[in-house]
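The lines below spell out each chain.
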Amino acid sequence: MTITMLYSKLHRATITDANLNYVGSITIDRDLMDAAALRIGQKVDIVNVNNGERFSTYVIEGERGKREMCLNGAAARKAAIGDRVIVIAYASMTLEEADTFKPHIVLLNDKNDIDGTKDHV
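Reading the values: the criteria
- Residues numbered from 1 in each chain as written.
- Predicted model: local features only at pLDDT ≥ 70, side-chain atom pairs only at ≥ 80, totals over all residues.
- Heavy atoms only, no water.
- Helix = DSSP H or I, 4+ residues; strand = E, 2+ residues; numbered from the N terminus.
- Contact = heavy atoms within 4.5 Å.
- Phe/Tyr/Trp six-rings, centres within 6.5 Å; stacked < 30°, edge-to-face > 60°.
- Core = buried A, V, L, I, M, F, W, Y, C linked by side-chain atoms within 4.5 Å.
- Buried < 20%, exposed > 50% of the residue type's maximum accessible area, 1.4 Å probe, protein only.
- Patch = residues over 30% accessible without salt bridge, like charges linked within 9 Å, V, L, I, M, F, W, Y side chains within 5 Å.
- Areas by Shrake-Rupley, 256 points an atom, 1.4 Å probe, with all protein chains shown as cover.
- Salt bridge = Lys/Arg side-chain N within 4 Å of Asp/Glu carboxyl O.
- Pairing = 2+ DSSP bridges.

Asks: Give a description of unusual backbone geometry that names residues and reports values.
Replies: A positive phi angle, near 65 degrees, is found at R12, a position not held by glycine. With respect to the helices and strands, R12 occurs in strand 1 (residues 2–14).

Okay, here's the thing in structure tokens:
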């Protein structure tokens with residue numbers, strides 16, 4: 001049996017852009033992807049702290065060091081520039097894996113710089 005567990009999280013990222021005329025997804029700075037162990041095309045849930053919206057999309061790699069967090073396509077309607085969001089990825093794990101796995105939790109400031117990390121929820 002497997003269960004779905006928190007894999008990684010970018011906590012309180014700031015939306016830097018919204019591009020309605022794009023196919024869809026969220027563009028995330030490569031440095032932030034690496035810090036949260038996110039992959040290109042990986043499914044993520046987005047939770048908008050400002051308005052309570054919750055939705056799923058997939059990750060597109062952004063330029064390293066730019067601190068970009070851009071919602072694309074229909075997702076651009078779910079948040080405004082400056083909104084704070086939580087980007088959450090999950091993974092299926094066996095019960096044994098879940099007992100020992102430590103999620104990659106990255107805490108961000110309002111400029112999307114890394115303020116710290118945690119290895120527990």
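So that's the structure; there's more coming.
Asks: Residue-level account of the environment of A75, with values.
Replies: On the secondary structure map, A75 appears in the loop between strand 6 (69–72) and strand 7 (84–94). Through-space distance from the C-alpha of A75 to that of F55 is 7.9 Å; in sequence the pair is 20 residues apart. Non-local contacts of A75, meaning those with residues more than four positions away in its chain, are made with S25 and F55.

Asks: Before we move on, can you summarise the packing of aromatic side chains with the specific residues and values?
Replies: To describe a pair of aromatic rings, you give the distance between the ring centres and the angle between the ring planes. Under the defined criterion, the tally for this structure stands at one aromatic pair. Judged by centre distance (5.8 Å) and plane angle (15 degrees), the ring pair of Y7 and F101 falls under stacked. Taken together, the positions of Y7 in strand 1 and F101 in the loop between helix 2 (95–100) and strand 8 (104–108) put the pair 94 residues apart, joining distant regions of the chain.

Asks: Residue-level account of the nonpolar core, with values.
Replies: The biggest cluster of nonpolar side chains holds 22 residues, and the ones touching the most others in it are L10, I26, I28, L38, V44, M69 and V87. If you look at the next biggest cluster of nonpolar residues, it comprises five residues, including L6, V47, I88 and I105.

Asks: Account for a nonpolar patch on the surface, naming residues and giving values.
Replies: On the surface, Y22, V23 and Y58 cluster together into a nonpolar patch covering about 330 Å² of accessible area. Take V23: its relative accessible area is 78%, and that puts it in the exposed class.

Asks: Before we move on, could you go through the pairing of strand 4 (residues 43–48) and cite the residues and values that matter?
Replies: Of all the six residues making up strand 4, five are buried; the element is thus mostly covered by neighbouring parts of the structure. Note that strand 4 and strand 5 (residues 54–62) share five bridges and pair antiparallel. The residue bridging V44 from the neighbouring strand is T57, located in strand 5. Counted between consecutive antiparallel strands, the loop separating strand 4 from strand 5 contains five residues, among which G52 sits at a positive phi close to 85 degrees. Across four bridges, the pairing between strand 4 and strand 7 is antiparallel. Across the sheet, residue N48 finds its bridge partner in strand 7, namely V85.

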